[in-house]
Amino acid sequence: MASSGDGAQTPGQDAGAELARLIDLATPYAVRAAVTLRLPELVRDGTSALGALAAAADADEAALARLLRHLVAIGLFAEPAPGVYALTPLSTELLSEDVAWQRKWLDLDGPGAKMDLAYSGMLHSVRTGRSAYDAVHGTPFWTDYQRDEPLRLFFGGIMAAHAWQTGPAVATGYDWADARRVIDVGGGIGALLSHVLRENPALSGAVLDLPPVEPEATETLREAGLAERAEFLPGSFFDALPTGFDVYLVSRVLTDWNDEDATKILLRCADAARPGARVVIVEVLAGAEHARNNSSFDLQSLTLLGGQERSVEDFHTLAGHAGLEVLSTRTGPGGLVFVDCAPSG
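Notes on the structure in this doc start here. Bear in mind the structure is a predicted one, so any value in this text is a computation, not a measurement.

**Comments concerning helix H2 (residues 26-36)**
Taken together, the buried positions of H2 are occupied by Thr 27, Ala 30, Val 31, Arg 32, Ala 34, Val 35 and Thr 36. Along its buried surface, H2 packs onto helix H3 (39-44), helix H5 (61-73), strand E1 (77-81), helix H6 (89-94), helix H7 (100-106) and helix H8 (111-116). The first or second residue beyond H2 is Arg 38, which carries a positive phi of 60°.

Here is the structure:
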C-alpha cells in the first residue's frame, strides 16, 4: 500500500485500498475454483509442482499458473520456489474437518454455487423484498428444491446440521411434562425430533415435511431407535396440518420466510391446535455477536429465500397475527429463543 513521505498511510489511499478489497469479485471465485479443483488436497498430498498440479486437476497449465499467482498473493498458498506451491495456515484451515461443510458449499460444481448466484439478484430483492432466486434461475427456490435432487439433499443437510445443533437445547430447555404427542412442523429429516424423543421417553411424535424428504427422515428415525414412537407425515405447512398433537413445534423455519408466509405457517398451526395444545416457536436471535461474526446472513436469507431475521418482538407480532397468544418467552444457549403460544380464545 502506498504511503506518505513520513511513512504514514494517507487516509484517501487507505480508503481506496479498502474499497478495492470490498468490491473484488475475483478473489472469492478464485478460492472457489481452488476448492473445486481440489488444489489444497493435492498440495497436501505431495503434488506441488505446477505441471503435476495441472495434470492432476485436469486444468490448463498456463491458466492454472495465473490462478495460483493470485492465490499466493492473497495468502491461500505459498510459492517457496518458482512453480512449486505449499500450504499456508489459510489453506490448512480450509482442509480441516471443521469446515468440511464449507468446502462443499464452495464447490463451483455443487448446489452451493447455485444458491450463491442468488446474490447477483440482490437489487431485485432490495427493490421488491422478495427472493432473487426466481429472478436469477427462472424458478422459485422451493420449486427447484423439490425437482433438483442434489440441491434438495445439500440444503436439507444444512438444515439437519442446524437441527442437530439445536436439538439438545430444545429437548431439555422446554417443559415437555404435560405433552404426549409432538409434531415438528417443517422438521426435515427428523434430526430435532430425534433429540426431543430420546430425551423424553414419554413422548411420541411426527415430523412433517415435503414428500421427497420421506426416505431420509424414515431412515433417521429408524437409526435413532424411534421407529415405534415417531413417524414421517408428508405435507406442506401451508396446507391444513394434522390435529391431535399437544405441541406444534416450529423450529428455525420462520427465518426462511417473509412475514406474510411466516404468518400463514403459524396460522396453520393455530388452526390445528386443539384446546390445551401449544405452538412453540424456536429460533436463533440475531444478536450483536451474531451481527459481528456473520452480518451477511440476513442478506443471504433475503436474496436466497425471501426470509429475514427477527427479534423477540417480531415473533410476538407474527404470533398475534396468526391468532396465537404468547404464554411465555425464554432464551437458551447460543441465542436460542422459545416462544410458547396457545390459540387465542
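**A closer look at a nonpolar patch on the surface**
Residues Tyr 29, Leu 108, Leu 117 and Val 136 make up a contiguous nonpolar surface patch of roughly 300 Å² in combined accessible area. Its location among the elements puts Tyr 29 in helix H2.

**What to know about the pairing of strand E6 (residues 247-251)**
The element E6 is extensively covered by neighbouring structure, given that 5 of its 5 residues are classed as buried. Burial along E6 is two-sided: the face carrying Val 247, Leu 249 and Ser 251 and the face carrying Tyr 248 and Val 250 are both buried. Here 5 bridges tie E6 to strand E7 (residues 278-284), and the two strands are oriented parallel to one another. Bridging across to E7, Ser 251 finds its partner in Val 282. With respect to chirality, the unit in which E6 leads through helix H15 (residues 259-272) into the neighbouring parallel E7 is right-handed.

**Focus: the nonpolar core**
Counting 41 residues, the largest nonpolar core has Met 115, Phe 141, Val 170, Trp 176, Val 182 and Leu 249 as its most contacted members. By residue number, the principal contributor to this core is helix H12 (residues 149-173), which donates 8 residues. Apart from residues lying up to four places away in sequence, Phe 141 is in contact with Met 115, Tyr 133, Leu 151, Phe 155, Leu 304 and Leu 305. Ala 270, Ala 272, Val 337 and Val 339 belong to the second largest nonpolar core, which has 32 residues in total.

**Re the packing of aromatic side chains**
By the definition in use, this model includes 14 aromatic pairs. An angle of 85° between the planes, with centres 5.0 Å apart, marks the rings of Phe 141 and Trp 142 as edge-to-face. We classify Trp 142 as partly exposed; its relative accessible area is 21%. Pairing Tyr 145 with Phe 155 gives two aromatic rings, centres 6.1 Å apart and planes at 85°, and the pair type is edge-to-face.

**What to know about the environment of Arg 229**
By the element assignment, Arg 229 lies in the loop between helix H14 (214-223) and strand E5 (230-234). Through-space distance from the C-alpha of Arg 229 to that of Arg 198 is 9.8 Å; in sequence the pair is 31 residues apart. Non-local contacts of Arg 229, meaning those with residues more than four positions away in its chain, are made with Leu 197, Asn 200, Pro 201, Leu 203, Ser 204 and Gly 205. A distance of 3.0 Å separates the side chain of Arg 229 from the backbone oxygen of Asn 200, its partner in a polar contact. A distance of 2.8 Å separates a polar atom in the side chain of Arg 229 from the backbone oxygen of Leu 203.

**Digging into the sheet that holds strand E4 (residues 204-209)**
One open sheet accounts for 7 strands, arranged E5-E4-E3-E6-E7-E9-E8; its pairing is mixed. Sheet topology places E5 and strand E8 (324-331) at the edges, where each strand pairs with a single neighbour. Taking each pair of neighbouring strands and ignoring which way they run, the sheet shows an average axis angle of 20°. As paired elements, E8 and strand E9 (residues 336-343) share 7 bridges and run antiparallel to each other. From the neighbouring strand, Leu 324 faces E9, where its bridge partner is Pro 343. Sheet strands touched by H12: E6, E7, E8 and E9. Its angle to E9, the strand with the most contacts, is close to 50°. In this fold helix H13 (residues 191-199) packs onto strand E3 (181-185), E4, E5 and E6, with an angle of close to 175° to the strand it touches most, E4.

**Considerations on the pairing of strand E2 (residues 84-87)**
Across 3 bridges, E1 lies against E2 in antiparallel orientation. Across the sheet, Ala 78 pairs through a bridge with Ala 86, a residue of E2. Following E1, the chain reverses through 2 residues before pairing antiparallel with E2; Gly 83 in that reversal takes a positive phi of roughly 75°.

Parameters at a glance
- Residues numbered from 1 in each chain as written.
- Predicted model: local features only at pLDDT ≥ 70, side-chain atom pairs only at ≥ 80, totals over all residues.
- Heavy atoms only, no water.
- Buried < 20%, exposed > 50% of the residue type's maximum accessible area, 1.4 Å probe, protein only.
- Helix = DSSP H or I, 4+ residues; strand = E, 2+ residues; numbered from the N terminus.
- Contact = heavy atoms within 4.5 Å.
- Patch = residues over 30% accessible without salt bridge, like charges linked within 9 Å, V, L, I, M, F, W, Y side chains within 5 Å.
- Areas by Shrake-Rupley, 256 points an atom, 1.4 Å probe, with all protein chains shown as cover.
- Salt bridge = Lys/Arg side-chain N within 4 Å of Asp/Glu carboxyl O.
- Pairing = 2+ DSSP bridges.
- Right-handed = clockwise from strand over helix to strand, strands pointing away.
- Core = buried A, V, L, I, M, F, W, Y, C linked by side-chain atoms within 4.5 Å.
- Phe/Tyr/Trp six-rings, centres within 6.5 Å; stacked < 30°, edge-to-face > 60°.
- Polar contact = N/O pair within 3.5 Å; in protein donor to acceptor, adjacent residues only side chain to side chain.
- Axes fitted to C-alpha atoms, helices over the stretch in contact; angles between N-to-C directions.

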